[in-house]
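This is what each chain is made of:
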Amino acid sequence: MLVKEVLKTNVAACAPDDDVAKAVGRMQERNCGFLPVVDSGGGLAGVITDRDIAMALGRHPYRQPTKIAVRDTMSRPVFSCFVDENLKVVLATMAKHHLRRLPVIDKVGHLQGVVSIDDIVLAPKRRGAPSAEEIVEHLRGIYARPTLEALPS
């Protein structure tokens, strides 16, 4: 089963120059905690999560959210996948990097959508789909606590 069979394409995004207040507003509108960050050329520049925002506000308790740029808060490096990638490979990437969501890009790096662990779990059972055992095995990796060596510097 391929990513293009389960990804969400109508996703909200933000720009690196947006402020975190705008990102929070977009998350609130869409009832999500994750936004891909897309540059002016349409390329994937990073992702920002509600946790990234909370950490930024904690580091700068006296700065207004309108004065903190998404580019200074977003997660990097960004891990992504391709629309034609096999879901079993995507699950392995998610487990390796402890991620529940991945931006989906085309061959030139433009955002096509987002695939989440929920999308994979709820995917209809088809030939080539990850088995329940494979999903559970990768969930263990996703939710495992990363070691200090595995954290980006």
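These numbers come from a predicted model, not from an experiment.

Chemist: Can you break down the overall build of the chain residue by residue, with the values?
Modeler: Per the secondary structure count, the chain includes five helices and five strands. Scanning the chain from its N terminus toward the C terminus, one meets helices and strands in the order α-β-β-α-β-α-β-β-α-α. The C-alpha atoms of the chain give 16 Å as radius of gyration, which agrees with the globular expectation for 153 residues (15 Å, within 12%). Overall, the C-alpha framework of the chain stretches about 50 × 35 × 25 Å when taken along its three principal axes. In the chain, 59% of the contacts between residues at least 6 apart in sequence involve partners at least 24 apart. Within the structure as shown, the chain displays about 9100 Å² of accessible surface, and the carbon and sulfur contribution to it stands at 52%. Looking at the chain, you have 21 positive and 18 negative side-chain charges, and the mean spots of the two groups are 2 Å apart.

Chemist: So what's going on with the environment of Lys107? Which residues, and what values?
Modeler: Checked against the element boundaries, Lys107 lands in the loop between β4 (101-105) and β5 (111-116). Residue Lys107 is classed as exposed on the basis of its relative accessible area of 61%. Sequence separation between Lys107 and Ala13 is 94 residues, and the spatial gap between their C-alpha atoms is 19 Å.

Chemist: Tell me about the pairing of strand β2 (residues 44-49), residues and numbers included.
Modeler: Burial of β2 is extensive: five of the six residues sit out of reach of the surface. In this structure, strand β1 (residues 34-38) lies alongside β2, joined through five bridges in antiparallel fashion. Following the sheet pairing, Val38 is matched in β2 by Leu44. Hairpin connection from β1 to β2: five residues lie between these consecutive antiparallel strands, with Gly42 at a positive phi of about 90°.

Chemist: Can you break down the side chain of Glu85 residue by residue, with the values?
Modeler: Secondary-structure assignment places Glu85 in the loop between β3 (81-82) and α3 (87-97). Within the buried core, Glu85 has no salt-bridge partner, and the shortest N-O distance to an opposite charge, that of Lys107, equals 7.1 Å. Within the structure, the side chain of Glu85 is placed 2.9 Å from the backbone nitrogen of Phe82, a separation counted as a polar contact. In contact with Glu85, other than residues within four places in its own chain, are Met1, Leu2, Val3 and Val90.

Chemist: If you had to explain the sheet that holds β4 to someone new, which residues and values would you point to?
Modeler: By definition, the strands of a sheet pair up through backbone hydrogen bonds, in either a parallel or an antiparallel sense. In spatial order, the strands read β3-β4-β5; together these three strands make up an open sheet with mixed pairing. Each having just a single partner strand, β3 and β5 make up the two edges of the open sheet. Here five bridges tie β4 to β5, and the two strands are oriented antiparallel to one another. Among the inter-strand pairings, Val104 is bridged to a residue of β5, identified as Gly113.

Chemist: Requested: an account of the pattern of salt bridges, with residues and values cited.
Modeler: If you walk through the whole model with that rule in mind, you get five salt bridges. Here Asp17 makes a salt bridge to Arg71, at a shortest N to O gap of 2.6 Å. Taken together, the positions of Asp17 in the segment before α1 (20-30) and Arg71 in the loop between α2 (50-59) and β3 put the pair 54 residues apart, joining distant regions of the chain. Residue Arg71 is classed as partly exposed on the basis of its relative accessible area, which comes to 38%. Note that Asp18 is salt-bridged to Lys22, the shortest N-O span being 3.6 Å. On the accessibility criterion, Lys22 (41% relative accessible area) is partly exposed.

Procedures and definitions
Residues numbered from 1 in each chain as written. Predicted model: local features only at pLDDT ≥ 70, side-chain atom pairs only at ≥ 80, totals over all residues. Heavy atoms only, no water. Helix = DSSP H or I, 4+ residues; strand = E, 2+ residues; numbered from the N terminus. Rg over C-alpha atoms; globule rule 2.2 N^0.38 Å. Contact = heavy atoms within 4.5 Å. Areas by Shrake-Rupley, 256 points an atom, 1.4 Å probe, with all protein chains shown as cover. Lys, Arg positive; Asp, Glu negative; His and termini not counted. Charge placed at Lys NZ, Arg CZ, Asp CG, Glu CD. Buried < 20%, exposed > 50% of the residue type's maximum accessible area, 1.4 Å probe, protein only. Pairing = 2+ DSSP bridges. Salt bridge = Lys/Arg side-chain N within 4 Å of Asp/Glu carboxyl O. Polar contact = N/O pair within 3.5 Å; in protein donor to acceptor, adjacent residues only side chain to side chain.

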